[in-house]
Structures are given as structure tokens and as C-alpha cells.
Amino acid sequence: MLRFVARNLNNVYKFSELQKFGVSFLGSGNAEYLENLFDQWYLDNKSVPATWDSYFRQVLESNNFDFTPEPLKGQAVSLKLDGQSGVRKLLSDHFRVLLLINKYRHRGHEKSQVDPLDLEHIQQIGKVKGYTKLDYSEFFTEEDLDRGFYIHAIGSTGITKDKQMMKLRDLINYLEKAYCGKISYEYMHIQSNEERDWFRHQIEKYDEFMPSKEQKLKTFERLGQEHAFSTFLQKKFNTSKRFGIEGCDSMISGLQSLIDEAAKAGAEHVVFGMAHRGRLNTLYNVFQKSAEEIMVEFQDLKSTFNEDIWGNSGDVKYHLGSVHNVQFGDKKLRLEMLPNPSHLETVDPCVYGKVRAIQDYFQDSRREKAFGVLIHGDAAVSGQGIVYEALQMADLEGYKSGGIIHVVSNNQIGFTTVPKDSRSGLYCTDIAHAIQAPVIHVNADEPELIATEFRYKFKRDIFIDLVGYRRYGHNEQDQPKFTQPIMYEKIDKAPPVFIKYSDKLVAQGIVTKEQVDKLMKTHEENLELAYQKSRQMDYNLKDWQPVPWEMIKVPVLWGRIKDTGVPLNVLKTLGEKINKIPNEFNAHPQIRKFYDERLSWIQKDQPIDFASAEALAFGTLLHEGFNVRLSGEDVQRATFSHRHAVLHDQKDPNGQDYVPLNAVIPKGQEHRLSIYNSHLSEYGVLGFDYGYSITNPNTLVLWEAQFGDFANGAQIIIDNYIASAESKWDVDSGLVMLLPNGMDGQGPEHSSGRVERFLQLSDDDPAVFEKNLGVRLTRQMRNSNMQIVQCTTPANYFHALRRQLRRDFRKPLIAMTSKRLLRLQAAKSKLTELTTQFNQVYDEAFPEFLVEPNQVKRVILCSGQVYYDLLKKREDLKQNNVAILRIEQLAPFPYEFLQKVIGKYNKAEFVWVQEEHMNYGPWAFVRPRIQSVLAKTTNVSNSPIQYIGRRPSGSPATGFHQLHEKEFQTLLQKAFEI
């Protein structure tokens, strides 16, 4: 029998997994090994590891077995043992008990009662080929049920408390209650012994953690408030969408309990992210947003909305965010709900980023002052890839936030799609296994949840799968019986959670029926008063908007606001500091040469390249007291090996990395600079950095794509947050997107940052210029949703970065960065150019080589690296009657700056030249804007501006190098054919 049990151990669990039992001495699943080990111990107990010695002693002693391990002088031990009463059977019984207990620990959730509707799909695992039912018959017979078995040495949790023996029947009943009730658990996949032992303790001593009477009364009151609110809205606004939480009502009381525990644990900030389902309920019950404000949003009442005010577009009520401060004695807890579009899980990485930014701001390295709560839908958490991208940040140094609490509002349906059609696994939370996060499955009719303690103890993510239903359709106007008639027949008969719970408490004598009725009446009267008051209220968009940044550092210490130039002596001092590598640091020879060359440029007043200008931008901002965070794939070295911001010791594998920029930061403040390589994710990491950027306005937050082409993987973040959040939600961000861009013959996936898409998202309005002729557009930058630049000089790149913080407002910056210009000798800037300011338009750079402006025949307008190709072509042709102008800032479009420089070219024709195909690049955006400027500028030709570039294409670039060259030479030739 012992051999049989050991073989089963080997079949069911891998060798390494046996440690998950919490019994480190069960380190083998090999029968022969176990038998030999016991024989060896019996011959000489000191010849085996101490853990095995202790184990064998405990098993035998607990069964009153008389034994004295001693040498038997050559006698066959196995024969002698066979003759001794029950030793091998005793061990065999114990192993079988161990297997049974661990079956429940691993698979108890399969028998749980977590579905209040008892729908078939929860039991779909029973249909899996080879599935065996979880019960005792695999290891024991019915005759064994009333036998006593030794179980004390099984693990660190005392299932039997002080007992060492237990009847099998009692043990099974205990395990059924612990693992197969209305709350079940998945935690045995976690590799950490400490975490598994903690969970086992919570589960297997469940009677010590039952809710008290006071806790039940608090849950009763909270469920009552939620039930009254949902019922009232359904009655008053039954033709409006509200995406109610009915069927998973206990989520609300659970979130309120979570906040209670967070305050006890010392939290100061909790950041929530959730989709529309249950959002209004959460805002009312958890965030204490007033019922009047919510009801105003349901009604078509007089509004303070003014369409002439920029950035006043607003959003539907179930997308809005909120901030609320909750007082717990002398402690204050700040709750924040991030706004979220209908792209359900897209807020996930934003929450990770915002929480991390709060922790960094408060230098909370223990990750205890702030944490995040993400509320998912069951279909979304299993179907949306962004969930996985966000989860991968859980333990990454540059992105971890000490654990997010994930609550799944599991309706067991996604719009009209049932689980068997929307996921392949048994549970919607199966993705939690990817990061070894525990999962608690909870019947939504059981409103007591646990999670906060685990998060604070282990700083790890945890999932709560709240299994309920959706009482109405996807929205309250849908008819769900079209597609789920059987399911909704059960739902129609199911009483609300509050009714069930209050009946239970009445039966237990905790509350009376009169108390239940009084609670409901009080809430209904209060809500009716709020409704009547809301009928007289104006709808003010600002009422629901988050509290603005408390402080934007006004940069007057280092010059006036908007001054981006830095004095030459400061540039040289900082430039020397950030370009020196200590002699004792074993830098790679090429990198040392790289830094020596940059240092030489600074010391000899020689022109610098883009990498040097970027380092100086970071260094000067750090010197002025700002923070810098750079994140993305391979950003420490940079994709094109030009940055080398973090250096690695070439000889000491355990040595500290060296960050040259730290040389300008006072000792002890190194946290103000963060440069992190991210995991291979665009959508998730850009969302994280966006969330980070909306938290602290005094941090320059940059995300760099490996190639600009890959940014389209994050298009949802770009569309729904970066381009529109300020207008919809009044949420500001100064995030910088660095997108390597340029038609360099590297094929369709490594050529285009798709600037045309960003320009299409720009809210720049040509009519503003046309209507305000001669009046400076003083608020043009402030009244724009984002800036889009293609800098052709290191100096302009330097100013563009510094400009992000050198003003009293924040705007996203989209920077199309050239790969080729990084090492182009012609694309360098003098240090003195860094003392000036950003140039939105560059006039002709070499007027001394051209005819007089009024004799110029053609003016080429362009943007980006193509400028240097045009310049070289003009030199080759020795053509002196063509001027070349660069538009460095595409959006908001520099109308007045362009108008200022083109007036002198009064006899020239104007053409636009780009290296992209006609349907790519800036052409579609700049064409009407340039035409407006021409029309409003005296003495210049108002003829339609001509296009010179590649013809339209479905692909951003050809994959054939010869064709690439042919296309490029053709457009360069045409540019100078007058």
C-alpha cells in the first residue's frame, strides 16, 4: 500500500510541488525511496535528515507504537518491519490522508457553492475528459469513515487544533466546510510557502474569522443603503441607462469594508478603476457622492454648459471620476475613482501608474500609503489583453505598486455572451495564476469579503471573484430573455441580496422585521428629498470633476515662466557633471569613449547631438528641482544605442549600475530620476505612464516606443486618454511620447510613427486664425488638447522637453524623433542655441547662399528629417532660388509664426514636401492650414499649395530597398523642378 500511495503522489504532484503541502520533508514521490528511507531510519535514526526523523517519530508516537530504532546487525529490515504490527499500514494511512487533504486544498473550489443561480457552466469542468470527482473514494472506502487517522504532522495549520487524531468522516466534513462552501479558494499554485501557509491558516481556521454581530449589522446597513438606491433609480429613471449592480450588490458593502480595513492598515490613498457596471452605485455608496448630483445627471435640466469654452465636452454619467476624503478618527483616507471610457479594462494600467506615482511622491518604498482597487467584469477580465499587460507589472521594479486588489463583478454573462462562449478556462480569473495571485471565489449572496490583509502583508495582487448575476439586461432597456431565457427565469425568481441577507439576520435574531422596514423607509424618504432638490439644481460640469493638482511648481526661480533657455555657464557646469564616468567604474570601452566625446563637446564649445541635448534637458530640469521618469522598451540604452543613461559594470556582475544624470541630484534625492526598461508592452506601459503623469505635475514623464510604428498597439490609450481626457474629464497630463520615426528603408513596420493619426486627433481649429487676423493667438497652446512636434535640431528638442514643465499648465507632447538624425553631423546644435527658446518654425537657415527673398521662385515647406535631404539635394544642384522652411511644431499649428516668415517670399510658389506617402504624414493636416495662412498674408501667392511626396499606399513603406530609394530620389528631384 505504501508503494501505491507513493506512486500516486508521484502521479498527482511533481516532486517540486510537494513542498506546497507545507510539509517540506515529503520531498519524494518515489515509493522505493520512501521505503528505503524508513528502513534506514529504523537502522539508525541519525542517518536521515532531522525533518524525516521528526516525522517518523511523530507518526509512530501519536499511535502509541512502541519502537526503538537500533541496528539489527545484518537482518533484513524490510522483513522485520513486515512482521511488526501496523507500521507500514500506519504510514500508508497517513499518506492517504495527506493526499485527501491536499486534494481539497487544490480542488475544493470545484465543489463549491459560489453560484447563487446554480448554473451549469460553473460545473463544466465535470465534462473534461479524464476528470475524477473530488471525494474520499479515491483513497478510502466507506468502512474507513469512522476510523481515526493521525493528521497532526501534515502542515503548519492545525486542522484539529490540539488533536492529533481525527475520524475520517469528521475530517471530510471539516474540509467541505473550509473549501467547498459559498466561499472557495485557489492558492496552491503560489510558490511562496509563507503565502500559502498564511492562506491555509485563514481558511482552515475559518471558525476564528467568522463575522461578528457588529460586522453583520454594518453589512446590513450598507446593503440596505445600496438596495434603496438601486431600487429608487430603477423606479424614477427606468428609461435611462445606469448599468446597475443588482445581482452583485454585495460588492458595494465589500468595498466599504475594504476601505475600513485599509484605514486600519494605515493607507492614506486608495485609487479605484472600474468600468460602467456599478459605477454610480460605487460613487454614491463608497465615495459618498451626493444623490442630488447623480440625479441631476439623469435629467435634462438647465445646464451651465457653454460650448464656447474650450475643453468643455463632458462625458456620460457612468464614465465620470470622483475624489472623496473619508475621515477615520484623526486619520484621513483619500479615495479617487479614475474616469474610464467604455473600453472596459483600459483603466487598469492607469491605476497601476497612478498608485506608483503617489508612492514615489511620498517616497513610500514600503508601498503602504497607497494601493489600487480594480473592479472588473467577468467577460472583460478574461477577454481583454490589457489585463495581462497590466498584471505583468505586478513585480517589475519600475512598475510595481505593492499589490492591487482585483474585484470581479461576475455577472456570468458578457452583454449576451455566456461564459462557455467567452473563455476557455473554468474561471474568468484564471489569468491570476500567471502572476501567482490568489483567488477567492465568493457567492454574491454572502457579502463578507477578505483581501486587504493579504495585500498589506505580502504586497501582492489578489483576486476576488464575486459570483452573482445581472438582474436586468446589459443596460436597463435591454431584454435579456431574447438570448438567455432560462437564466433570466431563475433571476426573476431570485430575491435581491439585501432581502436574503436581512431575512437571514431576522432569523438569527440580530435584527427585527421592523428595523428592516424602518431602514428602507428612511433611505427612500432621503432619496425622494434628493430627487426633488435635484429638479431645481443646475447641472455644472465641474461638480463631478476631480480635485485639480494642488500645486504646479511655478518655475520662477530659474527665470520667467516659459523660459526654456539655460545660461551657458550652467549648461557647461551640468554638462561636465553628467558626462563624466568615475575611473573606478568598469564601463564598456565604447561607452566610455561615447561619454568622453560628449564631454569634449561641452568643454570645447562644439556642437552637440540629440542624445547630449536630451541629457542636458533632463539634467537642467533635475537641477531646477523637477523630477524625471523615462520608461519604455530598452530606454536605458535606447533602441538605437544613443542614450546609455544607465551603465553596467563590465567586470563586477554584482556591482551597482552607474547613472551619470544622478551627478546633478543632491545626495539622498536619487529617487527623483527614474529610467526603467519596460516589459514588451505598448498598451499597458503607455497606460501606466499616463496614470503616472496625471498624478504629479512636477515630474517630466516620458514614454518611448521602440519604434514609433509600435505605438499603434496603444491606440486606445492615445484616443481615449491622451487626446481627449482633458476635454472630457478635465484631467491634465504632461506626458511625453517619444516616437522614433522616419522613412529610412527599413520596411513597413520600422518607418512611421503615424503622425497623421495624432494630427487627426488634434483639436487645432484653422477658423480661430481666420477669425482673429492680426491678433496674437495668446491661448492657442493652453486651448489645445496636445502638441505634436518633429524637431530637426537638438536645441529644439531640448526646448520642447523643458517647455513641458516651464509653464503653469500641462499638455501631452507627441514627439516624432528621427532615427537618422541621431548621428547625422549636420543635425547638431551649438550650446548657445540651448540658451534661447523653442522655434515653432525655422526660416531659411542659409539665406547668404540664396538670391534675395523677393527673387526666390519656390518655397519648400517641410517637417522632420527630410529637411536635411532637401538641403543636400539643393547643394548638389547648386540651386539658389529655392528656400526651405521647416515646421517644427505641427499642432497646434504655428499660424502666426509661419505668416511672419513667408511674407518676404512674395514672388514664390509654395510646395509641401514630405517623405511619407500622400495618405500618411502631415499633408492632410497642414494643407488647409497653410492655405489659410497664405490667404491671410499680404503679397504672397494664394495659389493652391502643391504636394510633393510619395503617392498613396496601403502600407506606410515599401519593403524593397531599391524601390524605397527610387521613390525617394524621385520626390527629391521633383522638389526642385520649378
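No experiment lies behind these values; they were computed from the predicted model shown.

1. Focus on the overall build of the protein
Each helix and strand in the protein was counted, giving 32 helices and 22 strands. Buried positions account for 58% of the 978 residues belonging to the protein. Partitioning the contacts of the protein with sequence separation of at least 6, the portion at a separation of at least 24 is 80%. For the protein, the accessible surface area stands at approximately 41,100 Å², while carbon and sulfur atoms represent 49% of it.

2. Quick word on the side chain of threonine 282
Note on placement: threonine 282 falls in helix α10 (residues 279–285). The residues touching threonine 282, leaving out its near neighbours within four places in the chain, are Met251, Ile252, Leu255, Met274, Phe287 and Met337.

3. Points about empty space enclosed by the protein
Under the defined criterion, the tally for this structure stands at eleven cavities of 30 Å³ or more. Its volume calculated, the largest cavity comes out at about 200 Å³. As for the largest cavity, its lining consists of 19 residues, and the residues nearest its centre are His642, Tyr797, Thr817, Ser818 and Leu822. Looking at the lining of the largest cavity, the element that brings in the most residues is strand β16 (residues 813–818), giving four residues. Along the lines of polarity and charge, the residues of the lining of the largest cavity split into eleven nonpolar, four polar and four charged.

4. Describing the sheet that holds strand β19 (residues 882–887)
Spatially, the five strands line up as an open sheet ordered β17-β19-β18-β21-β22, and their pairing is mixed. With one partner strand each, in any of the chains shown, β17 (841–842) and β22 (946–950) form the two edges of the open sheet. Bridge analysis of strand β21 (residues 909–917) against β22 gives four bridges, and the strand direction is parallel. Counted as the bridge partner of histidine 917 is arginine 950 from β22.

5. Describing the pairing of β16
With six of six residues buried, β16 is to be regarded as a mostly interior element. Judged by which residues are buried, β16 turns out to be covered on both faces: Leu813, Ala815 and Thr817 on one side and Ile814, Met816 and Ser818 on the other are all buried. In terms of strand pairing, strand β14 (residues 736–741) meets β16 through six bridges, oriented parallel. Its bridge partner lying in β16, valine 736 is registered against leucine 813. Where strand β15 (residues 787–789) lies against β16, three bridges are found, and the strand directions are parallel. Note that in β16 the partner of glutamine 787 across the bridge is leucine 813.

6. Focus: the packing of aromatic side chains
This model, assessed by the stated rule, comprises 26 aromatic pairs. Both rings, one in phenylalanine 220 and one in phenylalanine 498, keep their centres 5.6 Å apart while their planes meet at 25°; by these two values the pair is stacked. In this pair, phenylalanine 220 sits in helix α8 (residues 213–236) while phenylalanine 498 sits in helix α18 (residues 497–507), placing the two residues 278 residues apart along the sequence. Of the two residues, phenylalanine 220 and phenylalanine 498, neither departs from the other in class, the shared state being buried. Ring pairs connect the aromatic residues Tyr179, Tyr185, Tyr187, Trp198 and Phe199, which therefore count as one cluster.

7. Some points on the pattern of salt bridges
As enumerated under the stated definition, the model contains 43 salt bridges in all. Salt-bridge contacts for lysine 218 lead to aspartate 260; the nearest nitrogen and oxygen are separated by 3.8 Å. Of this pair, lysine 218 sits in helix α8 while aspartate 260 sits in helix α9 (residues 250–264); the two residues are 42 residues apart in sequence, bridging distant segments of the chain. Aspartate 260 gets classed as buried once you look at its relative accessible area, which sits at 12%. Across the pair glutamate 528 and lysine 236 runs a salt bridge, and its minimum N-O distance is 3.3 Å. Of this pair, glutamate 528 sits in helix α19 (residues 513–534) while lysine 236 sits in helix α8; the two residues are 292 residues apart in sequence, bridging distant segments of the chain. Judged by relative accessible area, which is 32%, lysine 236 ranks as partly exposed. Sharing partners across several salt bridges, the network here consists of Asp93, Arg96, Asp144 and Arg147.

8. What to know about the sheet that holds strand β3 (residues 183–186)
Each strand in a sheet pairs with another by means of backbone hydrogen bonds, the pair being arranged parallel or else antiparallel. Here we have eight strands laid out as an open sheet, ordered β3-β9-β10-β8-β7-β4-β6-β5, and mixed in their pairing. Both edges of this open sheet fall to β3 and β5 (322–328), since each of them pairs with a single strand only. Across the sheet, the mean angle from the axis of one strand to that of its neighbour is 20°, orientation sign disregarded. With four bridges connecting them, β3 and strand β9 (residues 439–443) associate as antiparallel partners. Its bridge partner being in β9, isoleucine 183 is matched across the sheet by valine 442. Its contacts with the sheet place α9 against β4 (269–274), β5, β6 (331–337), β7 (370–377), β8 (404–410) and β10 (462–467), and it is angled at close to 170° to β7. Those strands touched by helix α12 (residues 348–361) are β4, β6, β7 and β8, and its axis lies near 170° from that of β7.

9. Observations regarding the nonpolar core
Met737, Leu898, Trp912 and Ile930 are the most contacted members of the largest nonpolar core, which has 87 residues in total. The residues contacting isoleucine 930, other than those within four sequence positions of it, are Leu861, Ile887, Phe893, Leu898, Trp912 and Ile945. The next biggest cluster of nonpolar side chains, apart from the first, holds 66 residues, and it includes Val736, Leu738, Phe798 and Leu834.

10. Digging into unusual backbone geometry
A cis amide bond, omega -10°, links alanine 891 with the succeeding residue proline 892. Its location among the elements puts proline 892 in the loop between β20 (889–891) and α30 (895–902). Despite not being glycine, glutamine 436 shows a phi value in the positive range, around 55°. Position of glutamine 436 among the secondary structure elements: in the loop between α15 (419–422) and β9. The phi torsion at alanine 638 lies on the positive side, around 90°, for a residue other than glycine. Residue alanine 638 is classed as buried on the basis of its relative accessible area, which comes to 0%.

11. Things to note about the confidence of the model for the protein
On average, residues of the protein carry a pLDDT of 85, and 85% of them reach 70 or more. Below pLDDT 50 for its whole length, residues 70–85 participates in 22 contacts with residues either more than four positions away or in separate chains. pLDDT under 50 marks residues 543–548. Its contacts with residues more than four places away, or in other chains, come to 17 contacts.

Definitions and limits used
- Residues numbered from 1 in each chain as written.
- Predicted model: local features only at pLDDT ≥ 70, side-chain atom pairs only at ≥ 80, totals over all residues.
- Heavy atoms only, no water.
- Helix = DSSP H or I, 4+ residues; strand = E, 2+ residues; numbered from the N terminus.
- Buried < 20%, exposed > 50% of the residue type's maximum accessible area, 1.4 Å probe, protein only.
- Contact = heavy atoms within 4.5 Å.
- Areas by Shrake-Rupley, 256 points an atom, 1.4 Å probe, with all protein chains shown as cover.
- 1 Å grid on protein atoms, 1.4 Å probe; cavity = no way out; pocket = protein on both sides within 12 Å on 5 of 7 lines; lining within 4 Å.
- Points joined across faces, edges and corners; volume = space filled by probe spheres on them.
- Nonpolar A, V, L, I, M, F, W, Y, C, P; charged D, E, K, R; others polar.
- Pairing = 2+ DSSP bridges.
- Phe/Tyr/Trp six-rings, centres within 6.5 Å; stacked < 30°, edge-to-face > 60°.
- Salt bridge = Lys/Arg side-chain N within 4 Å of Asp/Glu carboxyl O.
- Axes fitted to C-alpha atoms, helices over the stretch in contact; angles between N-to-C directions.
- Core = buried A, V, L, I, M, F, W, Y, C linked by side-chain atoms within 4.5 Å.
- pLDDT = per-residue confidence, 0-100.

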